[in-house]
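Observations on the three-dimensional arrangement
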Protein chains: 2
Amino acid sequence: MTTLDLGSVNLSLTADLLCYSTLPERFTDGLKMSFIKSRAVLISQLGDPTKVLKLVTQKVPLNLGTTDVLVKWLASPINPLDINRIQGVYPGSQSDVVGGSEALGVVEKSGSEAKLKPNDLVIPISLGGQLWSEYDVIDESSLYKVRPDIDLLSGAVLLVNPPTAYVMLKHFVKLQPGDYIIQNSANSGVGRAVIEIAHAWGYKSINLIRDRPEVDKLKNELRQLGADFVYTEDEFKKIGSSIAKEYDIKLAFNGVGGRSALMISSSLAFGGTIVTYGGMSKKASEISTSSFVFRNIKACGVAVGNWMMMDENKAEVSQMLEELQQLIVEGKLHPPPVELHELNDFGEAISRTVDGKHCKQVLLIHPDHKNYKQRPSKL
Amino acid sequence: MTTLDLGSVNLSLTADLLCYSTLPERFTDGLKMSFIKSRAVLISQLGDPTKVLKLVTQKVPLNLGTTDVLVKWLASPINPLDINRIQGVYPGSQSDVVGGSEALGVVEKSGSEAKLKPNDLVIPISLGGQLWSEYDVIDESSLYKVRPDIDLLSGAVLLVNPPTAYVMLKHFVKLQPGDYIIQNSANSGVGRAVIEIAHAWGYKSINLIRDRPEVDKLKNELRQLGADFVYTEDEFKKIGSSIAKEYDIKLAFNGVGGRSALMISSSLAFGGTIVTYGGMSKKASEISTSSFVFRNIKACGVAVGNWMMMDENKAEVSQMLEELQQLIVEGKLHPPPVELHELNDFGEAISRTVDGKHCKQVLLIHPDHKNYKQRPSKL
């Protein structure tokens, strides 16, 4: 039995889940061996995320390959990416697999030659699935060891949004401290990471959000994260052109598409770049002819998952994850506001994500952590 | 008096336009000197192109600076660019200037140190104005000497559309013979140049046009220019995705914007590029989120005029203009179907361009050439 103090919570391999039985063929070496039962949320078929998910109980073997580790998944977000995968619109979507794209786990048991050891905290290194479960056995090459002093939520949401923000801020335009960037969807997970990383690196951010109840509260929240300017899109419609003239905005980040993309791309300085990472509006991004022809604006996209999985980027990915963790432990990069649901409660968790009105990142959390409280941040 | 056989037409400095008078101050060297009268189409103020143009008579001096030349403008197109300049929506638009962006002229008289000599055929090297006139005196550094064997219409439309097509085919993606490109507005001046240059260089072109009366005739015309495939946008809506799968389309050219841009960008292969050069629909270009995020499509624009005016591109511009002229004299690159109007008839010429229904390039032509007949092409 392993224990690890993570935040204020005791993580332990729950004894009553330990069982003995015959394992599926792929784990059989001719002997009966031990396994544990693990609940998991299965994508039974592609389709409506509120209908096709099923809670199943799987058998996870304790007899590990030499470089395998047994991981207990502590918390795993439900991302828009996951919704797209369930709907079957994400490239490579498949059914009859456990859902999930990112998670924080703790190693419970290691194979004889594995470098990862019990109590190590890990995240999956690809946007692979099988994460909406309590336990899994994985070859350690698919895992990345994170710092022991990272908090549970920051670790669970480390893989997707902060790298997207990091890569967008670093890989497209060479910015100097004091340079301006603009983004829509500024209150999204990526948007918040952009604000905090830009602030930490000395860049100025202009942030657009959609109008909503209690918009001033949200504006204030983003300003406290380090946003230099926060406007609703309606406000920006009126003042955007004067802002564009006043500041030399080199880079725009687009998570919305439609007219919102038009708004931010039109505010870019000559030669600026707009990077698309999402399309929340489900509308194609609009970019004006004069932006392209008279102002030499470039438009491109980023799929940070693909970038991270390329062998040639391995060193750079490690460097990035180290930097991001450093920002986290220094209190400069926070997880977004979250809502935690146990696996049993996956239906509600999915509904709230699909609904999208709550402005909180929904995570599935291991039963051992169901009472986990998000650390009060400096905010 | 100079004469030049250009096509079947006799070009001559018309004797009855020769006059003597006091010139405006900028030409005065303290003496009375000779000038000729020259009619010109003046942009009297920015606004509706059908209302703000005026035919004026200007005095053009015959007493030239050392590197000046007297040019007789033989033919000058009315381009969308000119319409935008008159409307005041093109960057740097100004009133109280003679209109025009490109032209073919013949040198009638040279300053003492000018390298250009009488009978040399010239085009302006920048997209400068003062071209919708009969005569002008210009420093030779603003002119480019074209081949004596180029035909009048090809020379007059050499500066804008063929270079746009050339640069788009050459500067964004390194194509190999057999590679595919796709474009909308395939029957426009740029579109036709794209078809012919792509064909000459061994690239395959997929060409979209808007549905119209006698569409089969137009399709056939474009095929005879070298188009490999021609579809109406409605036809392409149905078959576009299968075309996209079948061919590895690396490059798209967008002169329309709106949903038409969505259509061609969505047919690009992974990592493809869409280059915008115009926005005939007056709608912002649409590009899907999945194109950017999952297929790594890049979007940019081209303003070939700016590119040509940069000092560092001088050698490359000359090389390009030589290559384009070579294609013209080899019969591989043709001017689009044209309609000629005398300067007196500028009102009708502008109306027909603004109307845009006639699918012909309108040119203002010197009275000496009012009976010029477009050479029968191989088509």
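Definitions and limits used
Residues numbered from 1 in each chain as written. Chains lettered and ligands numbered in written order. Predicted model: local features only at pLDDT ≥ 70, side-chain atom pairs only at ≥ 80, totals over all residues. Heavy atoms only, no water. pLDDT = per-residue confidence, 0-100. Contact = heavy atoms within 4.5 Å. Helix = DSSP H or I, 4+ residues; strand = E, 2+ residues; numbered from the N terminus. Buried < 20%, exposed > 50% of the residue type's maximum accessible area, 1.4 Å probe, protein only. Least-squares fit on C-alpha atoms with pLDDT ≥ 70 in both. Expected span 1.5 Å × (residues − 1). Lys, Arg positive; Asp, Glu negative; His and termini not counted. Salt bridge = Lys/Arg side-chain N within 4 Å of Asp/Glu carboxyl O. Polar contact = N/O pair within 3.5 Å; in protein donor to acceptor, adjacent residues only side chain to side chain. Right-handed = clockwise from strand over helix to strand, strands pointing away. Pairing = 2+ DSSP bridges. Phe/Tyr/Trp six-rings, centres within 6.5 Å; stacked < 30°, edge-to-face > 60°. Buried area = accessible area lost by both parts, 1.4 Å probe.

Considerations on the confidence of the model for chain A
Confidence in the prediction of chain A, expressed as mean pLDDT, is 89, and 90% of residues score 70 or more. Taken as a whole, residues 1–31 of chain A scores under 50 in pLDDT and shows 72 contacts with residues more than four places along the chain or in a different chain.

Re unusual backbone geometry
All names here are of chain A. Look at Asn119: it is not a glycine, yet its phi comes out positive at around 85°. Its place among the elements puts Asn119 in the loop between strand 8 (104–110) and strand 9 (121–124). Judged by relative accessible area, which is 32%, Asn119 ranks as partly exposed. For Ser185, which is not glycine, the phi torsion reads 50° and is therefore positive.

Brief notes about the relation of the copies chain A and chain B
After a rotation of 180° and a shift along the axis of 0.0 Å, chain A superposes on chain B with an RMSD of 0.0 Å. As the rotation angle and translation indicate, the two copies are arranged about a two-fold axis. A share of 100% of the interface residues of chain A reappears at the interface of chain B, consistent with the copies meeting face to face through the same patch.

Description of helix 4 (residues 189–201) of chain A
Residue and element names in this part refer to chain A. Here helix 4 spans 18 Å end to end across 13 residues, near enough to the 18 Å set by a 1.5 Å rise per residue. Those residues of helix 4 lying buried are Val190, Gly191, Arg192, Ala193, Val194, Ile195, Glu196, Ile197 and Ala198. Of the surrounding secondary structure, the elements contacted by the buried residues of helix 4 are helix 3 (161–170), strand 12 (180–183), strand 13 (204–209), helix 5 (215–225), strand 15 (249–254) and helix 10 (314–329). Following helix 4 by one or two positions, Gly202 adopts a phi angle in the positive range, close to 85°.

A short note on the side chain of Asp82 of chain A
Residue and element names in this part refer to chain A. With respect to the secondary-structure elements, Asp82 resides in helix 1 (residues 80–87). Here Asp82 sits buried without a salt bridge, and the closest side chain of opposite charge, Arg85, lies 4.6 Å off (N-O distance). A polar atom in the side chain of Asp82 sits 2.4 Å from the side chain of Ser101. Setting aside anything within four residues of it in sequence, one finds Asp82 in contact with Pro77, Gly100, Ser101 and Trp132.

What about the pairing of strand 12 of chain A?
All names here are of chain A. Residues Tyr180 and Ile182 line one face of strand 12 and the alternating positions Ile181 and Gln183 line the opposite face, and both faces are buried. With helix 4 bridging strand 12 and its parallel neighbour strand 13, the resulting β-α-β unit is right-handed. Across 4 bridges, the pairing between strand 12 and strand 15 is parallel. Each residue of the ladder has a partner; that of Tyr180, found in strand 15, is Ile249.

Thoughts on the pattern of salt bridges
For side chains bearing opposite charge, pairing can occur when the charged atoms are close. In the structure shown here, the tally under the stated rule is 34 salt bridges over all chains. Where Glu330 of chain B meets Lys332 of chain B, a salt bridge forms, and the shortest distance between an N and an O atom there is 3.1 Å. A salt bridge links Arg352 of chain B to Glu339 of chain B, with the nearest nitrogen and oxygen atoms 2.3 Å apart. Of the two residues, Arg352 of chain B sits in helix 11 (residues 346–355) while Glu339 of chain B sits in strand 19 (residues 338–342), which places them 13 residues apart along the sequence. A relative accessible area of 15% means that Glu339 of chain B is categorised as buried. Look at the salt bridges and you will find they share partners, linking Asp179, Asp248 and Lys250 of chain A into a network.

A word on the packing of aromatic side chains
What the rule picks out here adds up to 14 aromatic pairs over all chains. Centre to centre, the rings of Tyr90 of chain A and Phe294 of chain B are 4.9 Å apart; their planes meet at 80°, and the pair counts as edge-to-face. Residue Tyr90 of chain A is located in the loop between helix 1 and strand 7 (97–98), and its partner Phe294 of chain B is located in the loop between helix 8 (289–293) and strand 18 (298–301); the two belong to separate chains. For the ring pair Tyr166 of chain A and Trp201 of chain A, a centre distance of 5.3 Å and an interplane angle of 70° mean the geometry is edge-to-face. Here Tyr166 of chain A is found in helix 3, whereas its partner Trp201 of chain A is found in helix 4, with 35 residues between them in sequence. In this structure Tyr166 of chain A comes out as buried when scored by relative accessible area, which is 3%. A network of ring pairs unites the aromatic residues Tyr180, Phe229, Tyr231, Phe236 and Tyr247 of chain A as a single cluster.

Focus on the interface of chain A and chain B
Often the size quoted for an interface is simply the accessible area lost on bringing the parts together. Taken together, the contact pairs 26 residues of chain A with 26 residues of chain B. Both sides together, the interface formed by chain A and chain B hides about 1900 Å², and carbon and sulfur atoms give 65% of it. A per-residue breakdown of the area chain A buries against chain B is headed by Phe292, Val293 and Phe294 of chain A, which together make up 28% of the total. Where chain A meets chain B, there are 0 salt bridges. There are 3 residue pairs in polar contact (both at pLDDT 80 or more) connecting chain A and chain B. Contributions of two or more residues to the side of chain A that touches chain B are made by strand 17 (283–287), helix 8 (289–293) and strand 18 (298–301) of chain A. A total of 5 residues in the side of chain A that touches chain B trace back to one element, the largest contributor, which is strand 17 of chain A.

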